[in-house]
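Coordinate analysis (summary)
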Amino acid sequence: MPHERTLHSARNQAAQEPRNGAADDVVIGAADGTADGAADGATAEAAARAVASHEIPEAMRHDVGLLVGLLGQVLTEYGADGLLDDVERLRGLTIEALGDPDGEALRSAEELVESFTTERAEEVARAFTCYFLLANLAEEQQRIRALRARDGQVPLEEQEPSESVAAAFTHLAGEVGRDEAERRLRELRFHPVLTAHPTEARRNAVSASIRRIGDLLDERNDPRLGAGARDRTTRRLLAEIDNLWRTAQLRVASPSPLDEVRNALAVFDSSFSSVFAAAYRRMDDWLQGEARGTRPPLAPSFIRLGSWIGGDRDGNPNVTAQVTRAAVGQAADRVLAELAERTRRVGTALTPDERFATASAELTALWNRQRQLSDELTDAAAAHSPNEPHRQVLLAVAGRLDATRARDADLSYARPDELLADLAVVQDSLAAAGDVRAAYGELQELIWQVETFGFHLAELEVRQHSKVHSQTLQWLADPESVERMAVPGEEVLETFRAIAAVQQRYGVDAARRYIVSFTTSAQNLADVYTLAEHALGSAEDAPVLDVVPLFETYQDLQNAPRILEEMLEIPAVQRRLEATGRRLEIMLGYSDSAKDVGPVAATLALYEAQERIAAWAQRHGILLTQFHGRGGALGRGGGPANRAILAQPPHSVDLRFKVTEQGEVISARYGHPEIALRHIEQVAAATLMASAPSTEQRNARAAERFADLAARMDAVSRERFDGLVGADGFAPWFAQVTPQDEVGLLAIGSRPAKRGLSVESLEDLRAIPWNFAWSQARINLTGWYGLGSALEAVGDTDLLRSAYAEWPLFRALIDNIEMSLAKTDRRIAERYLALGDRDDLAALVLEELDLTTKWVLAITEQDRLLQDHRVLGRAVELRNPYVDALSLLQLRALRTLRSEDAGSLDDAELDDQRDLLLLTLKGVAAGLQNTG
């Protein structure tokens with residue numbers, strides 16, 4: 001077993017390495033080997049960590065050693081006596097505990113934690129949190145290295161169709177023919193929708209610091225860098241890590257909805273603005289082959305971005321009509337600024353002389369129209385670009401985009417279509433003149449950007465609870481009949497006026513979808529159209545609305561086809577179907593269905609609902625989009641998106657995949673452009689492959705063959721889940737054994753964590769804190785509870801292994817639950833469960849945990865969890881003991897706050913304990929890499 005380096009030695013190595021150039025061959029922090037002395041009593045789990053440590057790529061070893069070594073130097077220089085020693089002692093004990101079946105090392109770690117002063121406990125918690133932030137960054141850098149090394153190096157025949165657009169298209173063409181495959185490619189649509197659900201635990205200041213450290217690490221790893229430049233970069237890295245350490249991890253106040261809008265716009269700046277066009281370019285280059293960049297594109301602009309940020313008012317009183325208007329305005333301003341700058345950049349580089357790229361008659365006519373609009377604008381363009389007609393026109397186009405942003409009515413473009421028409425004239429003129437590389441190079445990427453973002457960047461979708469609408473209608477009929485309204489009636493009406501104003505200013509596509517939470521009947525949908533007409537005075541003046549039913553609970557999923565059938569009778573829906581070519585959208589909620597009946601029954605119910613809804617749509621000739629309200633946690637539909645797509649029922653995807661993206665998921669998938677490109681390619685490939693006859697036939701056959709298995713699992717898992725969450729006193733007990741109450745104190749979102757003032761039942765608690773609290777307690781109950789009993793009731797190992805091999809839905813369920821189980825820790829979980837006074841409920845949880853683990857290992861034919869998932873297993877196995885350290889610190893704070901003596905603490909002491917607890921919430925979230 002490799003000798004493990006401590007923070008002390010890693011710090012020394014980091015200090016020496018810039019001078020001697022030697023690569024650090026050890027990994028510490030979140031990705032190191034086992035502790036000195038652990039080998040003597042090593043269990044299989046500790047041995048697995050030793051194996052995992054050998055599998056760590058050398059470059060990642062170097063990065064983690066460097067970053068955490070620099071952190072060690074920062075901790076020493078910070079001046080807190082013995083801080084680094086205390087961090088090292090706790091770290092060593094939690095690693096040793098893995099190889100200690102008697103639990104002595106873990107008890108020693110608890111005693112050490114209890115011996116800390118509150119100030120020292122906070123410092124240690126901050127240190128471990130910084131470890132994880134830096135280790136996560138090193139893992140991201142390794143992913144980027146792997147993607148760069150892989151780019152263009154893997155032969156097509158070795159690429160997985162579910163991972164590569166090229167392989168997916170080739171496979172699809174082999175089944176349906178190239179012409180049909182190209183038609184399907186043109187119909188492809190990926191529609192990510194950003195939400196402000198509070199699942200990103202990091203402060204923006206912390207995220208910005210991590211991005212800067214990542215940029216410096218990337219710069220430092222450039223092999224072209226000389227020794228002096230590397231020394232200077234290391235100094236800057238040390239300064240940034242020092243800054244990270246001194247940056248407060250906790251927000252002072254919750255962000256406002258418009259703060260959340262600005263956070264999302266930062267992702268546009270760093271990723272979306274360039275990545276989407278890059279994804280199209282990558283696809284088109286492959287499709288065009290040797291002709292790439294010289295012919296009209298074959299790749300469509302298949303991405304459309306949506307947003308709930310500033311539009312989702314369900315349970316969030318901070319989102320008002322005024323906020324909705326401002327949210328759209330900020331997004332439009334940002335995208336118009338980007339389009340103007342991009343157009344100006346493309347135009348400035350477009351310098352072919354008139355003699356070598358003759359202007360077409362259409363380009364000359366466009367220039368004359370521009371001159372009629374503004375002599376000042378065109379004179380400036382002509383002065384900068386003599387004899388360069390294409391450049392002149394594009395610079396004038398950029399000026400008109402500036403005017404559009406400034407709301408100059410004389411020069412503004414009214415709609416994106418007008419801009420696209422002008423760009424097409426320039427492109428066609430260049431192509432006709434023989435300058436095809438200019439025509440289909442950066443200019444084409446600009447066109448793709450306009451097609452993708454329009455003038456609004458992301459379509460703002462409004463969401464509200466069905467009960468709010470019915471209450472408002474009741475209030476309109478008789479203001480005295482409603483004693484207490486969830487949302488003031490006038491504010492509900494003002495929302496529709498805001499939508500109308502947005503559509504008038506930015507176009508209908510800027511805000512036309514209106515989502516109705518907890519849709520239980522078609523009347524809930526009709527209510528929206530009624531309110532819109534009332535707010536604007538008439539149907540003619542009402543905004544254009546596509547009302548989207550959101551089916552969330554188990555019962556609503558069962559009733560969905562009947563509700564949709566009744567929906568077709570609503571006159572406003574009939575008019576929209578006629579106007580859109582019979583296009584319709586429905587939404588499926590993963591969070592509340594899982595909270596309602598457990599993860600197993602919810603997964604099966606969602607599959608069945610999609611199957612029945614897809615069949616209903618086909619009967620009625622409707623082009624249906626099923627919008628997936630998935631979260632980051634497995635209890636909220638999380639997991640790899642491409643595998644989820646390929647597990648869906650036939651015709652339920654039909655080349656259109658729309659999904660919510662939120663919190664840490666946005667950062668993980670889109671925070672770095674190269675990772676974002678990979679995610680987009682995986683989703684696009686899977687969406688294409690889902691339409692392949694072989695995929696549809698496989699899923700249909702498997703669902704039919706294993707129907708009895710599914711029915712048995714559904715019934716047993718629901719009964720088991722209800723036996724726990726339906727037990728008397730469950731909700732208060734849940735609040736005792738998890739940091740559920742304290743999760744609500746984290747200032748990570750504008751939306752309240754609870755629907756009421758207290759949690760007396762699960763209905764009072766939102767799905768995100770429900771998942772977050774269980775993950776913090778290292779139990780992850782929402783991701784797996786009920787599966788073990790369901791599999792035990794089936795009892796046929798061969799049948800279950802056959803289902804795992806042949807049924808994609810079952811395989812995705814088992815794989816996701818395996819991941820959830822791998823992030824649990826029974827020893828730590830027992831300590832959280834001991835905070836409560838219900839041994840019976842604690843026993844149910846632990847029994848089901850053991851049973852589920854047993855069956856998952858049996859079905860996957862492994863000796864330990866994630867054994868066959870080398871990279872993922874390595875990451876989880878190596879970081880878990882560091883999460884344990886933070887969990888012990890969190891338990892200390894929880895015991896203090898839950899104790900009978902808590903009432904004797906003064907306000908300052910209570911605040912200190914809460915701050916410690918909140919720090920550990922952040923740290924555990926960083927270590928587990930998920931919140932809700």
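A quick note: this is a predicted structure, and the numbers were derived from the prediction, not measured.

1. Things to note about the overall build of the protein chain
When helices and strands are counted, the protein chain shows 41 helices and nine strands. With 932 residues in all, the protein chain has 60% of them scored as buried. Partitioning the intrachain contacts of the protein chain with sequence separation of at least 6 by distance along the chain shows that 81% fall at a separation of at least 24. For the protein chain, the accessible area works out to roughly 35,700 Å², and carbon and sulfur atoms hold 47% of it.

2. Comments concerning the packing of aromatic side chains
Scanning all chains against the criterion turns up 24 aromatic pairs. Their ring planes at 20° and their centres at 5.7 Å tell us that Phe 276 and Phe 453 sit as a pair that is stacked. Highlighted residues: Phe 276 in helix H11 (residues 257-288) and Phe 453 in helix H18 (residues 442-453), separated in sequence by 177 residues. Exposure remark for Phe 453: the relative accessible area of 1% places this residue in the buried category. Above the ring of Phe 627, the side-chain terminus of Lys 658 is found at 4.3 Å from the ring centroid.

3. Re the environment of Ala 803
Inspection of the secondary structure puts Ala 803 in helix H36 (residues 797-806). On the basis of relative accessibility, which here comes to 0%, the residue Ala 803 falls in the buried class. Every residue in contact with Ala 803, bar those within four places of it in the chain, is listed here: Phe 706, Leu 709 and Phe 810.

4. Observations regarding the pattern of salt bridges
This structure, assessed with the given rule, holds 63 salt bridges. Where Arg 512 meets Asp 546, a salt bridge forms, and the shortest distance between an N and an O atom there is 2.3 Å. In this pair, Arg 512 sits in the loop between helix H20 (489-506) and strand S5 (513-517) while Asp 546 sits in strand S6 (residues 546-551), placing the two residues 34 residues apart along the sequence. Take Arg 512: its relative accessible area is 18%, and that puts it in the buried class.

5. Some points on the sheet that holds S6
Read from one edge of the open sheet, nine strands run S3-S2-S1-S9-S8-S7-S6-S5-S4, paired in parallel fashion. Each end of this open sheet is capped by a strand with a single partner; those strands are strand S3 (459-460) and strand S4 (462-465). As paired elements, S5 and S6 share four bridges and run parallel to each other. Bridge assignment links Tyr 514 to a residue of S6, and that residue is Val 547.

6. Observations concerning helix H10 (residues 227-246)
In an α-helix, one turn spans 3.6 residues, which is why side chains three or four residues apart end up on the same side. Compared with an ideal rise of 1.5 Å per residue, which puts 20 residues at 28 Å, H10 spans 29 Å between its outermost C-alpha atoms and is within 8% of the ideal. For H10, every residue scored as buried is listed here: Arg 230, Thr 233, Thr 234, Leu 237, Leu 238, Glu 240, Ile 241, Asp 242, Leu 244 and Trp 245.

7. Focus on a negative patch on the surface
Together, Asp 906, Asp 907, Glu 909, Asp 912 and Asp 915 make up a region of like negative charge exposed at the surface. Along the chain, the position of Glu 909 falls in helix H41 (residues 907-928).

8. Section: the pairing of strand S8 (residues 623-629)
Counting buried positions along S8 yields six of seven residues, so the element is predominantly enclosed. Of the strand pairs in this sheet, strand S7 (residues 583-589) and S8 are connected by seven bridges, and their pairing is parallel. Within S8, the position partnered with Gly 589 by the bridge is Gly 629. Across two bridges, the pairing between S8 and strand S9 (residues 656-662) is parallel. What sits directly across from Phe 627, in S9, is Lys 658.

9. Description of unusual backbone geometry
Positive phi, close to 60°, is recorded for Arg 582, a residue that is not glycine. Its place among the elements puts Arg 582 in the loop between helix H23 (571-579) and S7. Residue classification places Arg 582 among the partly exposed positions, given a relative accessible area of 33%. Look at Arg 778: it is not a glycine, yet its phi comes out positive at around 65°. The residue Arg 778 is located in the loop between helix H33 (767-776) and helix H34 (781-784) in this model. The exposure class assigned to Arg 778 is buried, which follows from its relative accessible area of 0%.

Cut-offs applied
- Residues numbered from 1 in each chain as written.
- Predicted model: local features only at pLDDT ≥ 70, side-chain atom pairs only at ≥ 80, totals over all residues.
- Heavy atoms only, no water.
- Helix = DSSP H or I, 4+ residues; strand = E, 2+ residues; numbered from the N terminus.
- Buried < 20%, exposed > 50% of the residue type's maximum accessible area, 1.4 Å probe, protein only.
- Contact = heavy atoms within 4.5 Å.
- Areas by Shrake-Rupley, 256 points an atom, 1.4 Å probe, with all protein chains shown as cover.
- Phe/Tyr/Trp six-rings, centres within 6.5 Å; stacked < 30°, edge-to-face > 60°.
- Lys NZ or Arg CZ within 6 Å of the ring centre and 35° of its normal.
- Salt bridge = Lys/Arg side-chain N within 4 Å of Asp/Glu carboxyl O.
- Pairing = 2+ DSSP bridges.
- Expected span 1.5 Å × (residues − 1).
- Patch = residues over 30% accessible without salt bridge, like charges linked within 9 Å, V, L, I, M, F, W, Y side chains within 5 Å.
- Lys, Arg positive; Asp, Glu negative; His and termini not counted.
- Charge placed at Lys NZ, Arg CZ, Asp CG, Glu CD.

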